[in-house]
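Read off the chains here:
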Amino acid sequence: MNATLKRIESGEEIDLAAVSIIGRSPECQVVVADPRVSRRHAMIRKQDGGLYLFDLGSFNGSYLNGARVTAARKLNTGDILTFAEHEFQFEQAGESGVDTSAEDMGGSTIALIRSTPVIIIVSDIKGFTRLSEEIDADSLAQVIGRWYSDCEEIIANEGGTVDKFIGDSVLAYWTTVDEESLVAAMRTAEALKTSTEKIYQERPDIFEQTNQRFEIGVALHTGKVAYGGMSQGEFTLVGDPVNLAFRLESLTREVSHDVLMSGDFARALPNSQKYSTGLGVHKVKGRAQGVEVFAVTSFPE
């Protein structure tokens, strides 16, 4: 999938990568040198078979075809993106010349799917429905966009990969299950929690509209998944371990612990008892057998 942004004021065409950050920082893939544009203003990210526009908590907002972006929006050819009056036209061509995610056999393309053990982390914003009802759309977009941005940076810094954002949740993974990656996943969970607390403290003007804090649940799990090109140009995870990780995250509300690890994760992590306490076996939706659950009580330095 080849895609570009055409800067309407100059005609410049900018190739988009799997993740492209838009902002006034020179480090951004799409630089908009205007003080009204935030340093990391917006993000275009490949997921679910397309390219999506996310606002990253910018002060002045990101606009798609004249409407402010308050949630992830899928882009279509001809769409106009506006950042502080700077307009860009989105164009998406056909298939790229080389698709490294698939093998061509006899004129047809077969996706290259690998079965591999991975570490999975799922994080979800608690009480998001209530937040969306009590906070105006523009303010909510700033909060969620900032959270998206922090997730991308934190996970990348710890060597993980964001698989996708799904509304108010994020799915990420590490493809090596060893002590280093397990510890990195633990540090990621701690950093994600710290990020939400910082966002909450920095924006009292937004959160004073509700009595609810800005908090997340986090689940850590390991398992063998199908990994590869599930659709043209998109890599993702599929398998029961992914479903279980989401179920485990939902359990954080019931057991009153923000970060949970599965028994599989606990057994893989050396000295896991140093960082967790057992909560026994719990039933989760969609599974006949119970799941061994541990609450994370401390994090590796």
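Everything numeric here is computed off the predicted structure, so don't read it as measured data. (Residues numbered from 1 in each chain as written. Predicted model: local features only at pLDDT ≥ 70, side-chain atom pairs only at ≥ 80, totals over all residues. Heavy atoms only, no water.)

All right, on to the pairing of strand β15 (residues 161-166) then. Here β15 runs beside strand β16 (residues 169-174); their pairing, made up of five bridges, is antiparallel. Pairing of K164 across the sheet is with L171, part of β16. Between β15 and β16, which pair antiparallel one after the other, the connecting turn spans two residues, and G167 there sits at a positive phi close to 60°. (Pairing = 2+ DSSP bridges. Helix = DSSP H or I, 4+ residues; strand = E, 2+ residues; numbered from the N terminus.)

For the rest of this paragraph, the subject is the environment of Y227. Structurally, the position occupied by Y227 is in strand β17 (residues 216-231). In this structure, the C-alpha to C-alpha distance between Y227 and D136, residues 91 residues apart in sequence, is 38 Å.

Along helix α5 (residues 240-250), the positions that sit buried rather than exposed are P241, V242, L244, A245, L248 and E249. When α5 is viewed along its axis, its buried side chains cluster within an angular range of 165° and face the same direction. (Buried < 20%, exposed > 50% of the residue type's maximum accessible area, 1.4 Å probe, protein only. Arc of directions from axis to C-beta.)

Across the sheet, six strands lie side by side as β2-β1-β11-β10-β7-β8; this open sheet has antiparallel pairing. Because the sheet does not close on itself, it has two edges, and the strands there are β2 (13-15) and β8 (67-68). For strand β1 (residues 3-7) and strand β11 (residues 86-92), the ladder comprises five bridges, and the chain directions are antiparallel. Paired with K6 across the two strands is Q89, which belongs to β11.

With that out of the way, let us pick up the confidence of the model for the protein. Caution is warranted with low-pLDDT regions, since their predicted coordinates should not be read in detail. Residues of the protein with pLDDT of at least 70 account for 90%, and the chain-wide mean is 88. Within the protein, no element has a lower average pLDDT than strand β12 (residues 102-105), which sits at 40, and none a higher one than strand β19 (residues 259-262), at 98. The model gives residues 95-111 a pLDDT under 50, and that stretch makes 21 contacts with residues more than four places away or in other chains. (pLDDT = per-residue confidence, 0-100. Contact = heavy atoms within 4.5 Å.)

As a further point, take the sheet that holds strand β6 (residues 50-55). The strands that make up a sheet are held in pairs by hydrogen bonds between backbone atoms, and each pair lies either parallel or antiparallel. Read across the open sheet, the five strands follow the order β4-β3-β5-β6-β9; overall the sheet is mixed. The open sheet terminates on both sides in strands that have one partner only, identified here as β4 (30-31) and β9 (73-74). Sheet topology note: the strand β3 (residues 19-23)/strand β5 (residues 42-47) ladder contains four bridges and is antiparallel. Paired with I22 across the two strands is A42, which belongs to β5. Each of β3, β5 and β6 is contacted by helix α2 (residues 137-157), which is oriented at about 115° to β6, the strand it contacts most. (Axes fitted to C-alpha atoms, helices over the stretch in contact; angles between N-to-C directions.)

By the definition in use, this model includes 17 salt bridges. For R203, the salt bridge is made with D205, and the minimal N-O distance between the two is 2.8 Å. Since its relative accessible area comes to 24%, R203 is described here as partly exposed. For D205, a relative accessible area of 40% translates into the label partly exposed. Linking E249 and R253 is a salt bridge whose minimum nitrogen-to-oxygen distance equals 2.2 Å. R253 gets classed as partly exposed once you look at its relative accessible area, which sits at 35%. Residues joined in a network through salt bridges with shared partners are D34, R36 and E85. (Salt bridge = Lys/Arg side-chain N within 4 Å of Asp/Glu carboxyl O.)

Bringing the packing of aromatic side chains into the picture now. One pass over the structure, following the stated rule, counts seven aromatic pairs. When the ring of F83 is compared with that of F88, the centres are 5.9 Å apart and the planes differ by 55°; the resulting orientation is tilted. Relative accessible area serves as the criterion here: at 0%, F88 is assigned to the buried category. An aromatic cluster of at least three residues, connected via ring pairs, comprises F54, W147, Y148 and F165. (Phe/Tyr/Trp six-rings, centres within 6.5 Å; stacked < 30°, edge-to-face > 60°.)

The next subject is unusual backbone geometry. A positive phi angle is found at A84, which is not glycine, with a value near 50°. Considering the arrangement of structural elements, one finds A84 in the loop between β10 (80-83) and β11. According to the relative accessible area criterion, A84 is buried, its value standing at 13%. The backbone of N271 sits at a positive phi, close to 60°, despite the residue not being glycine.

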